[in-house]
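Inside the fold
Next come the chains, spelled out residue by residue.
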Amino acid sequence: MDNSAPGSGGQLLLGSPHIQSQPDAPFVWKITLELQADSHVEGTVFHSGEGGYRFGIEKGRAYVVRDECVPAFSDHYAAECTADIAGSFDEVTLTVVCDFSSVEMFVNTGEVGMTNLYFPQIGLSHLMKLESIKGYAAVKDMVIDRRPSIWAENHS
């Protein structure tokens, strides 16, 4: 089942994030970016006004930030993970895989992979956000691919 939402938005302007409604999980958000050495691009899934699951790329490193969970169940839930990225920084593909309780981010073809548990608030409409924090960034391609749940009774 492929319910792709293709698009390329051209240059991401500082202070002007690309925001859109998020599909229900599970889904894959694949973003190919053209960057410069000083670029910093950040995306957010499960965004509902505050918090969310943030991921990004900046100066040869990838990162994910898991903000607090609502309702809070642990003071230790919030986390940040980083990893260095080797090679060229001119073009980068971020693949973000969102399931019901986890978010995975892969850089390029798996050069870096990060997985975190994430517990979004049920019953809220979530947004997806992509923005340039610093420097030049252009979206060369962006696809949102809804995936069938392996837990659904009648999936094909």
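Each value, and the rule that gives it
Residues numbered from 1 in each chain as written. Predicted model: local features only at pLDDT ≥ 70, side-chain atom pairs only at ≥ 80, totals over all residues. Heavy atoms only, no water. Helix = DSSP H or I, 4+ residues; strand = E, 2+ residues; numbered from the N terminus. Buried < 20%, exposed > 50% of the residue type's maximum accessible area, 1.4 Å probe, protein only. Contact = heavy atoms within 4.5 Å. Pairing = 2+ DSSP bridges. 1 Å grid on protein atoms, 1.4 Å probe; cavity = no way out; pocket = protein on both sides within 12 Å on 5 of 7 lines; lining within 4 Å. Points joined across faces, edges and corners; volume = space filled by probe spheres on them. Nonpolar A, V, L, I, M, F, W, Y, C, P; charged D, E, K, R; others polar. Salt bridge = Lys/Arg side-chain N within 4 Å of Asp/Glu carboxyl O. Phe/Tyr/Trp six-rings, centres within 6.5 Å; stacked < 30°, edge-to-face > 60°.

A few points about the environment of Val92
Here Val92 shows up in strand β9 (residues 91-98). The exposure class assigned to Val92 is buried, which follows from its relative accessible area of 1%. In the structure, Val92 is positioned 60 residues away from Thr32 in sequence and 5.7 Å away in space, judged by C-alpha atoms. Those residues in contact with Val92, other than ones at most four positions away along the chain, are Ile31, Thr32, Leu33, Leu35, Ile57, Val107 and Asn108.

Re the pairing of strand β7 (residues 61-66)
Counted residue by residue, β7 has five buried out of six residues, so it is predominantly covered. Sheet topology note: the strand β6 (residues 53-58)/β7 ladder contains six bridges and is antiparallel. Counted as the bridge partner of Tyr53 is Arg66 from β7. Taking the residues that link successive antiparallel strands as the turn, the β6-β7 hairpin has two residues, and the phi of Lys59 there is positive, at about 45 degrees. Two strands pair when backbone bridges link them, and β7 and strand β8 (residues 79-84) are joined in this way by six bridges, in the antiparallel orientation. Bridge pairing links Arg61 to Asp84 in β8.

A closer look at the layout of surface pockets
If you roll a probe as big as a water molecule over the atoms, it shows you where there is empty space left. Size it by volume and the largest pocket reaches roughly 250 Å³. Looking at the largest pocket, it is lined by 15 residues, and the ones nearest its centre are Asp24, Ala25, Phe46, Pro120 and His126. For the lining of the largest pocket, a count of residues per class yields eight nonpolar, five polar and two charged.

A word on the pattern of salt bridges
For the structure on display, the rule yields five salt bridges. Glu131 is the salt-bridge partner of Lys129, the closest N and O atoms lying 3.5 Å from each other. Arg147 is paired through a salt bridge with Asp145; the nearest N and O atoms lie 2.9 Å apart. Accessibility expressed as a relative area gives 39% for Arg147, which makes it partly exposed. Of the residues examined, Asp145 reaches a relative accessible area of 13% and is grouped as buried.

Remarks on the packing of aromatic side chains
This model, assessed by the stated rule, comprises three aromatic pairs. Their ring planes at 90 degrees and their centres at 5.8 Å tell us that Trp29 and Phe55 sit as a pair that is edge-to-face. In this pair, Trp29 sits in strand β4 (residues 27-35) while Phe55 sits in strand β6, placing the two residues 26 residues apart along the sequence. Overall, the relative accessible area of 0% leaves Trp29 in the buried class. Where Phe46 meets Tyr118, the ring centres are 5.4 Å apart and the plane angle is 25 degrees; that geometry is what we call stacked. Linking Phe46 in strand β5 (residues 40-47) with Tyr118 in the loop between β11 (112-117) and β12 (127-134), this pair joins segments that are 72 residues apart in sequence. Across the pair, exposure class does not vary: Phe46 and Tyr118 are buried alike. Pairwise contacts between aromatic rings join Phe46, Tyr53 and Tyr118 into one cluster.

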